[in-house]
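In case you want the letters, here they are:
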Amino acid sequence: MADSDNIPHIALLPSSGMGHLTPFLRLAASLVTNHNCKLTLITIQPTVSLSESQLISRFLSSFPQITPKEFHLLPFDPSTANSKDPFFLHIEAIRRSAHLLSPLLSSLSSPPLSALVTDITLASAFLRVTSQLHLPNYILFTASAKMLSLCAYFPTILESSTEIDESFQIPGSSPMPKSWVPPVLFDLSSLFTTQFIENSCIMVESNGILINTFESLERETLEALNDGKVVDGLPPVIPIGPLVPCEFEKSTSPKLKWLDGEQNGSVVYVSFGSRTAMCREQIRELGVGLVRSGCRFVWVLKDKEVDREEEENLEVVLGNELMEGVKEKGLVLKEWVDQVEILGHPSVGGFVSHCGWNSVTEAAWHGVPILAWPQLGDQRVNAAVVENSGFGVCVKNWGWGDGGVIVKGEEIGEMIREMMSDEGLRLRAAHARDEARKAKEVDGSSEKGLSRVIELCNKM
Ligand code: UDP
Ligand code: UDP
């Protein structure tokens, strides 16, 4: 189906949320800039968050050679789906509009499409469409290979008659504690779980799974996936990460100049990604912990899951007294920041992170050690990858960020102090950075992975 010049025409269709959109846009930038592909970017309209629509605009103005297509959702009644999460509901709305993709893809004829790359959360809905059109379909998996192995193996766990005890074994990997599994997966009637199972089952029908990880970070898991140990008949799982942050993502905040006056490696950066808002009590304990840690810090605080709904100012969220204490020791922000700029700043020496996979890969890219505090979903599995590779630590008894356990400031402060003074962690983080960069060199494993994807597209 590819054109005569062997330049494939690839359509990319990202899912909802910055954690899914960002890696798709980085992949698009890399395919156009380094691999000379013809690209169409299909964006869902409307988006849940303002950050998503702003990033799409910046991306499209930076890459006028990419064809933009808007995918407009059908009206959707959230009361017909079993979830309150705005991002899961949006994903359901996209899935229910999937049949509208067929005429859109058919209209992309010059040159004819070689393949569609879509997100795992949308896979089962869109693979039906691409198979009717006889169009190759790739999945971009935006989390760790360890999470992919859980996703692929999950239907087998459900089929088994034995109850999961404390841990279970995914073939080819060491036992996985039950406590790492996203809690929502224990509720088989939840919207997330029904989608998760459908997507897991359909993976064998895709032409390949691209994944934002790199060989040396997750070698054992990647081998198990590709050797057919996890699931028989899985298509090639191709590591292409870390997907590298790009120019179009940059936003300058004069407030971050503050970092320039701090000593190298002395500042801890604290952020829980684009969509995690801790409860007020935990936010305040975290503030106390940061002050007690004795470290300088940049803390990005979120009070609402969706950025458009943020309304209270910092003084209201923290209270005046804590706000004063925090301001003396660090920089606290309640806005979108350029995380990659912060992680790449020489003053930053540690990252308190929820371990969203993009955050993990960005920390690896800049060699910043992680204190992992997973809050939901895949984050415990991702945190285990970080711990296993040695550039981070995870406190096991801090619970999920559901307000069930409130971690006290004193304990938080102590853990931050320990992380910031751990020389071994810094050395291992520097090693992770070197490995990540090697994977992205022209003849590195992940760049070779991308070339393989293009060859596969051209053969179709
Ligand atoms: N991010 C950012 N500034 C913010 C919050 C988040 O640049 O203020 C970026 C972060 O660098 C990452 C993405 O948003 O690329 C968040 O994805 P991740 O997988 O880490 O977590 P999620 O938001 O999906 O939980
Ligand atoms: N996931 C999956 N199949 C699905 C939905 C999710 O494998 O149908 C995985 C995927 O790795 C995703 C993770 O579960 O990154 C957590 O999903 P969620 O939407 O909670 O978090 P996000 O990635 O938006 O932070």
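All residue numbers refer to positions counted from 1 along the written sequence of the respective chain. Labels follow written order: the first chain is A, the first ligand is 1, and so on. pLDDT decides what is reported in this predicted model: residues at 70 or higher carry local features, side-chain atom pairs at 80 or more are listed and counted, and totals for whole chains, interfaces and linings draw on all residues regardless. In computing side-chain values, all of the structure's heavy atoms are included and hydrogens and water are not.

J.: Can you tell me about the overall build of the chain, naming the residues and giving the values?
T.: Only DSSP runs of H or I reaching four residues or more are called helices, and only runs of E reaching two or more are called strands; each is numbered from the N terminus. Summing up its helical and strand segments, the chain has 17 helices and 15 strands in all. For 460 residues, the compact-globule estimate of 2.2 N^0.38 gives 23 Å, and the C-alpha radius of gyration of the chain, at 22 Å, lies within 12% of that figure. Overall size of the chain, expressed as C-alpha extent along the three principal axes, is 65 × 55 × 50 Å. Accessible area is worked out with a 1.4 Å probe on protein chains only. A residue is then buried under 20% of its type maximum, exposed over 50%, and partly exposed in between. Looking at the chain as a whole, 57% of its 460 residues qualify as buried. Working rule for contacts: check all heavy atoms of both residues, and any pair within 4.5 Å makes them a contact. Contacts in the chain between residues far apart in sequence, at least 24 positions, make up 74% of those at least 6 positions apart. For this measure, only C-alpha atoms enter the radius of gyration; the expected value for a globule follows 2.2 Å times N^0.38, where N is the number of residues.

J.: I'd like a description of the environment of N382, backed by residues and values.
T.: For N382, the position within the fold is in helix 14 (residues 379–389). On the basis of relative accessibility, which here comes to 0%, the residue N382 falls in the buried class. Put simply, N382 and G356 are 26 residues apart on the chain and 7.3 Å apart in space, counted from C-alpha to C-alpha. With residues up to four places along the chain from it excluded, the contact list for N382 reads A143, S144, M147, C355, G356 and W357.

J.: Explain the domain arrangement of the chain to me, using residue names and the numbers behind them.
T.: These domain limits were set by an automatic method or by a database of domain assignments. Taken as a whole, the chain is organised into domain 1 (9–246 + 442–458) and domain 2 (253–421). The interface is formed by 33 residues belonging to domain 1 together with 23 residues belonging to domain 2. Once two parts are put together, the accessible area they lose, assessed with a 1.4 Å probe and summed over both, is termed the buried area. Summing both partners gives a buried area of about 2,500 Å² for domain 1 against domain 2, and 65% of it is carried by carbon and sulfur. On the domain 1 side of the contact with domain 2, F87, W180 and L217 bury the most area, a combined 21% of that side's loss.

J.: Tell me what's going on with the pairing of strand 11 (residues 296–300), and back it up with residues and numbers.
T.: Within strand 11, four of the five residues are buried, leaving the element largely enclosed by the surrounding structure. One ladder, built from four bridges, connects strand 10 (residues 267–271) with strand 11; its direction is parallel. Bridging across to strand 11, V267 finds its partner in R296. Read as a crossover between parallel neighbours, the route from strand 10 over helix 9 (residues 280–293) to strand 11 is right-handed. Both strand 11 and strand 12 (residues 330–333) contribute to a ladder of four bridges, which runs parallel. Each residue of the ladder has a partner; that of V300, found in strand 12, is L333. The pairing criterion for strands is at least two bridges between them, as found by DSSP. A crossover gets the label right-handed when its path from the first strand over the helix to the second runs clockwise, viewed with the strands pointing away from the viewer.

J.: Give me the site of ligand 2: which residues, what numbers.
T.: A single heavy atom is enough: if one lies within 4 Å of a molecule or strand, its residue is considered near that molecule or strand. Residues in contact with ligand 2 amount to 14 residues; listed here are only the nearest, H20, F141, C151, N199 and R275. Note that an oxygen atom of ligand 2 is positioned 2.7 Å from one of the side-chain N or O atoms of N199. Under the rule applied, a polar contact is a pair of N or O atoms within 3.5 Å (in protein, one hydrogen donor and one hydrogen acceptor; residues adjacent in sequence only if both atoms are side-chain atoms). Within the side chain of D378, one N or O atom sits 3.5 Å away from an oxygen atom of ligand 2. Every accessible area reported is derived by Shrake-Rupley at a probe size of 1.4 Å, with residue values counting cover from the shown protein chains alone. Protein contacts shield 92% of the accessible area of ligand 2, which totals 510 Å² for the unbound molecule.

J.: Could you give an account of the sheet that holds strand 3 (residues 67–72), naming the residues involved and the relevant values?
T.: An order of 3-2-1-4-5-8-9 is seen for the seven strands of this open sheet, with the pairing classed as parallel. Only two strands of the sheet have a single neighbouring strand rather than two, namely strand 3 and strand 9 (237–239). The sheet shows a mean angle of 25° between the axes of neighbouring strands, taken without regard to direction. The angle between two axes is taken between their N-to-C directions and runs from 0 to 180 degrees, where each axis is a line fitted to C-alpha atoms and a helix contributes only its stretch in contact.

J.: Can you lay out the site of ligand 1 for me, pointing to particular residues and giving the numbers?
T.: Near ligand 1 there are 14 residues, and of these S274, V337, N358, S359 and E362 occur at the shortest range. The separation between an oxygen atom of ligand 1 and a polar side-chain atom of N358 is 2.8 Å. One of the side-chain N or O atoms of E362 is found 2.6 Å from an oxygen atom in ligand 1. Protein chains bury 91% of the 530 Å² of accessible surface belonging to ligand 1 in isolation. Mapped onto the shell around ligand 1, the elements with two or more residues apiece are helix 1 (18–33) and helix 13 (357–366). Counting residues per element, the shell around ligand 1 draws most heavily on helix 13, at four residues.

J.: Describe in detail the packing of aromatic side chains, supporting the description with residues and values.
T.: Within 6.5 Å between ring centres, the rings of Phe, Tyr and Trp (the latter by its six-membered ring) count as paired, and their orientation is classed by plane angle as stacked under 30 degrees, edge-to-face over 60, tilted in between. In the structure shown here, the tally under the stated rule is ten aromatic pairs. Taken together, the aromatic side chains of F88, F154, F192 and F196 make up a single cluster linked through ring pairs.

J.: Break down the side chain of Q339 for me, with residues and values.
T.: One can find Q339 in helix 12 (residues 339–343). A distance of 2.9 Å separates a polar atom in the side chain of Q339 from a polar atom in the side chain of E362. Not counting residues within four places of it along the chain, the set of residues in contact with Q339 comprises Y269, S271, F351, S359 and E362.

J.: Now, about helix 6 (residues 145–159): what can you tell me, with residues and values included?
T.: Take the residue count of a helix, subtract one, and multiply by 1.5 Å to get its expected span. In this model, helix 6 (15 residues) spans 22 Å end to end at C-alpha, consistent with the 21 Å of a helix rising 1.5 Å per residue. By definition, a residue's bend is the angle between the axes fitted to the seven residues ending there and the seven starting there. Of all the bends in helix 6, the greatest reaches close to 45° and is centred on Y153; the proline P155 follows between one and four positions later. Those residues of helix 6 not exposed but buried are A145, K146, M147, L148, S149, L150, C151, A152, Y153, F154, P155 and I157.

J.: A description of the pattern of salt bridges should follow, citing residues and the corresponding values.
T.: When a carboxyl oxygen of Asp or Glu is within 4 Å of a side-chain nitrogen of Lys or Arg, the pair counts as a salt bridge. Using the criterion set out here, one finds 20 salt bridges in the structure. The shortest N-O distance in the salt bridge between R275 and D85 comes to 2.6 Å. Residue R275 is located in the loop between strand 10 and helix 9, and its partner D85 is located in the loop between strand 3 and helix 3 (86–96); the two are separated by 190 residues in the primary sequence. A salt bridge links K250 to E247; the nearest nitrogen and oxygen atoms lie 3.1 Å apart. We classify K250 as exposed; its relative accessible area is 51%. One salt-bridge network, held together by shared partners, links E92, R95, R96, R128 and E198.

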